[in-house]
Structures are given as C-alpha cells and as structure tokens.
Amino acid sequence: MNFFAHLVLAEPTVESRVGNLLGDFARGVDTQALPKEVFAGLINHRRVDQFTDQHSEVSRLKGCFSAQRRRFSGIALDVLFDHFLLKHWPHLSSTPVDQVIDSLYADLLAGQSLMPERMQQVTQRMVATDWFRAYQQLDGVSYALDRIAGRIRFRHDFAGIGEELAVHYPRLEAGFNVFCCDLCERFPSPLMDAGKR
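A brief structural summary. Predicted model only: the values in this text are computed from it and were never measured.

## Things to note about the packing of helix H5 (residues 73-87) against helix H12 (residues 169-186)
At a minimum axis separation of 10 Å, H5 and H12 run at an interaxial angle of 75 degrees. Looking at the two axes, H5 sits roughly perpendicular to H12. Between H5, through Leu 77, Leu 80, Phe 81, His 83, Phe 84, Leu 85 and Lys 87, and H12, the contact on the second element is made entirely by Tyr 169, Leu 172, Glu 173, Phe 176, Phe 179 and Cys 180. Class assignment for the residues of the contact of H5 with H12 results in 10 nonpolar, one polar and two charged.

## Things to note about H12
Here H12 contains 18 residues, and its C-alpha end-to-end distance of 25 Å stays within 8% of the 26 Å for a straight helix at 1.5 Å per residue. Regarding H12, the residues found buried are Tyr 169, Leu 172, Glu 173, Gly 175, Phe 176, Phe 179, Cys 180, Leu 183 and Cys 184.

## Structural notes on the packing of aromatic side chains
Each aromatic ring pair is described using two quantities: the centre-to-centre distance and the angle formed by the ring planes. Inspection of every chain in the model, using the stated rule, returns 12 aromatic pairs. Residues Phe 4 and Trp 89 carry aromatic rings whose centres are separated by 5.7 Å and whose planes lie at 75 degrees to one another, so their mutual orientation is edge-to-face. Highlighted residues: Phe 4 in helix H1 (residues 3-8) and Trp 89 in helix H6 (residues 89-92), separated in sequence by 85 residues. Taken as a pair, Phe 4 and Trp 89 share a single burial class, namely buried. Pairwise contacts between aromatic rings join Phe 51, Phe 81, Phe 84, Tyr 169, Phe 176, Phe 179 and Phe 187 into one cluster. Sitting over the face of the ring of Phe 187, Arg 186 holds its NZ or CZ atom 4.6 Å from the ring centroid.

## Observations concerning the side chain of Arg 17
As for its placement among the helices and strands, Arg 17 is situated in helix H2 (residues 14-22). Look past the residues within four positions of Arg 17 in its chain and what remains in contact with it is Leu 7, Ala 10, Glu 11, Pro 12, Ser 103, Leu 104, Asp 107 and Leu 191.

Reading guide: rules and limits
Residues numbered from 1 in each chain as written. Predicted model: local features only at pLDDT ≥ 70, side-chain atom pairs only at ≥ 80, totals over all residues. Heavy atoms only, no water. Axes fitted to C-alpha atoms, helices over the stretch in contact; angles between N-to-C directions. Helix = DSSP H or I, 4+ residues; strand = E, 2+ residues; numbered from the N terminus. Parallel < 35°, antiparallel > 145°, perpendicular 65-115°, else oblique. Contact = heavy atoms within 4.5 Å. Nonpolar A, V, L, I, M, F, W, Y, C, P; charged D, E, K, R; others polar. Expected span 1.5 Å × (residues − 1). Buried < 20%, exposed > 50% of the residue type's maximum accessible area, 1.4 Å probe, protein only. Phe/Tyr/Trp six-rings, centres within 6.5 Å; stacked < 30°, edge-to-face > 60°. Lys NZ or Arg CZ within 6 Å of the ring centre and 35° of its normal.

Shown next as structure tokens:
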C-alpha cells in the first residue's frame, strides 16, 4: 500500500509505473502474459517489498506499536512511509512534488488498459480523490488506515492506529530516514537527485 514509493521507484514510463503498482493487484493475473516492461516493474515491486520486509530498521519500528495492533504494523508503516517520502521530497529531488504527483496520476490513467479491473478501480479512485496529497497530512494517513481497517472482515483492533502514529511520530520519522537512505541506494529512482540522497 505504499503506492507513492512504488511509483517513484519505477522507470518514468506508463508501463513501468503500472508494473510497479501491479504487485498489490496481481492475484489471478497471468504474469507471463504481461508486456515485458510491465513484468519488469512487477518484479521490481516484489524486490522492493522483500527489501522492506527484511530491513532491520523496519523490524524495529514495528515494535513501536501496541500488542493489539502490532499485527497490522506493516500496513501502517507502508502508508506512513508514503507520508514521510512526500514530506521529505524536497530533500530528495529538485522536481517539485506536485509535478511528480500529477505525472504519476497521468500515467496511471494512461495505463488503465494494462491493469486488471480492481486495479483500474483503485487507481481511478486514487486520482479522483487525490490520495497522495491527502497523505501529506498525518490526518490523511490515519483516515486511509481507518478505511483499510473497515474492509478487514475479521475482528480486530486496527481502527484508530493513527493515534499510535502520532504518539511515536518522531521515532517513526527517524527510522524512516535510516530506511530511506538504504532504499534509495539499493533502488535508485530516476526522479530523485543522486546528490540529494
């Protein structure tokens, strides 16, 4: 669900950006039938996810969450990392964040025919309601996480996790900065300036 991160780690083409987002929607998709660049993006998505899941700082950050919410900490960190990436964007790139967001949205709309139906629906809603600009505020992150919590079909205590993000915000931000340096070194983004990373 760290959609912004996956998109900025893609090559700056419609096909690559679609592929880099496809990892969250690939169930039931015949990946061998995908266009070459879309498939390459999907593989990149999976490598980024694996790197994130195995990163020691990410594991430490999961320990910030209460016992009843810790099982959802990965989801919370995914969305929060998009928030931090957007917040710190001026330190990572000379391209204005609004320009980047508009370019990503335009490519997602241009790539609708390459997406499975559910991905089309989600990306259309993403653009129409401007998720990335909403993620720039912690309230927007909390709202998005509560929406995710509302779709979970079993009993849980995920709703309201935004309160814990606010309490631990400085620690989570510091951890993100450590992780982001490693991520950018491992997966250089064409949108980020090498001198600023």
